[in-house]
Amino acid sequence: KFCHASGVNCRWDDDDDELIIWIPFDLLKEFTELVGPTYLSDGGIEVRLQQDCVVFELNDICEYFGINIEKIHKK
């Protein structure tokens with residue numbers, strides 16, 4: 001719901017079969033609150049820092065929370 005409501009950019013990386021998301025800095029706090037401290041306490045999420053956002057893959061997060069990843073973005 002977060003991805004659709006906030007209009008963040010997502011796309012599939014076909015080489016690695018990963019769903020990649022770009023989260024602008026102004027939405028980062030909202031996203032981390034949704035993910036919660038339990039998930040983040042196990043080492044956090046590896047991200048690529050860009051000028052106006054962070055970029056990372058969603059596969060592990062979706063698996064952890066039992067979310068069908070193709071409901072976020074179809075392949």
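(A) Up close: the packing of aromatic side chains. Inspection of the entire model under this criterion finds five aromatic pairs. A ring pair is formed by Tyr 39 and Tyr 64, whose centres lie 4.8 Å apart and whose planes are at 65 degrees; its orientation type is edge-to-face. With Tyr 39 in helix α2 (residues 25-40) and Tyr 64 in helix α3 (residues 59-65), the pair connects residues that are 25 residues apart, well separated along the chain. On the numbers, 6.0 Å between centres and 40 degrees between planes, the contact of Tyr 39 with Phe 65 is tilted. Taken together, the residues Tyr 39 in helix α2 and Phe 65 in helix α3 connect sequence positions 26 residues apart. Put simply, the rings of Phe 2, Phe 31 and Phe 56 pair up and form one aromatic cluster.

(B) A look at the side chain of Asp 13. When you line up the elements, Asp 13 lands in strand β1 (residues 9-13). Buried charge without a partner: Asp 13 forms no salt bridge, and the closest opposite charge is Arg 11, 5.1 Å away. From its side chain, Asp 13 meets the backbone nitrogen of Asp 15 in a polar contact 3.1 Å long. Once residues lying within four places of it in the same chain are set aside, the contact partners of Asp 13 are Glu 18 and Ile 20.

Reading the values: rules and limits
- Residues numbered from 1 in each chain as written.
- Predicted model: local features only at pLDDT ≥ 70, side-chain atom pairs only at ≥ 80, totals over all residues.
- Heavy atoms only, no water.
- Phe/Tyr/Trp six-rings, centres within 6.5 Å; stacked < 30°, edge-to-face > 60°.
- Helix = DSSP H or I, 4+ residues; strand = E, 2+ residues; numbered from the N terminus.
- Buried < 20%, exposed > 50% of the residue type's maximum accessible area, 1.4 Å probe, protein only.
- Lys, Arg positive; Asp, Glu negative; His and termini not counted.
- Salt bridge = Lys/Arg side-chain N within 4 Å of Asp/Glu carboxyl O.
- Polar contact = N/O pair within 3.5 Å; in protein donor to acceptor, adjacent residues only side chain to side chain.
- Contact = heavy atoms within 4.5 Å.

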